[in-house]
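In case you want the letters, here they are:
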Amino acid sequence: MELYIDVYDEIKNKAIFEKLLSQAREIESVLEAELGWERLPERRASRIAWYRNGAITDGERPCLR
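Residues numbered from 1 in each chain as written. Predicted model: local features only at pLDDT ≥ 70, side-chain atom pairs only at ≥ 80, totals over all residues. Heavy atoms only, no water.

J.: I tried to follow the overall build of the protein chain on my own but got confused; where do I start?
T.: For the protein chain, the helix and strand inventory stands at 2 helices and 3 strands. In the protein chain, the order of α-helices and β-strands from amino to carboxyl end is β-α-α-β-β. Computed over its C-alpha atoms, the radius of gyration of the protein chain comes to 14 Å, more than 25% above the 11 Å expected for a compact globule of 65 residues. For the protein chain, the C-alpha atoms occupy an extent of roughly 40 × 25 × 15 Å along the three principal directions. Going through the 65 residues of the protein chain one by one, you find that 26% of them count as buried. A separation threshold of at least 6 residues defines the contact pool for the protein chain, and within that pool the share at least 24 residues apart is 47%. About 5400 Å² of surface is accessible on the protein chain, with carbon and sulfur atoms providing 54% of the total. Looking at charge distribution, the protein chain has the averaged site of its 11 positive side-chain charges lying 3 Å from that of its 13 negative ones. (Helix = DSSP H or I, 4+ residues; strand = E, 2+ residues; numbered from the N terminus. Rg over C-alpha atoms; globule rule 2.2 N^0.38 Å. Buried < 20%, exposed > 50% of the residue type's maximum accessible area, 1.4 Å probe, protein only. Contact = heavy atoms within 4.5 Å. Areas by Shrake-Rupley, 256 points an atom, 1.4 Å probe, with all protein chains shown as cover. Lys, Arg positive; Asp, Glu negative; His and termini not counted. Charge placed at Lys NZ, Arg CZ, Asp CG, Glu CD.)

Have a look at this one:
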């Protein structure tokens, strides 16, 4: 699952990313997960991703809570 940050303005995108990154501990604590924080310096956008092993075709997984 990912949050792709792109409001069509690189400066705003990176500012949004940095604001969220400054709250990474709290966000990851609430989600009970380690996230991938990807600035994507070669692109206008940035990405925050929750990587998990498996495939969409795998069986049903239990919910977080």
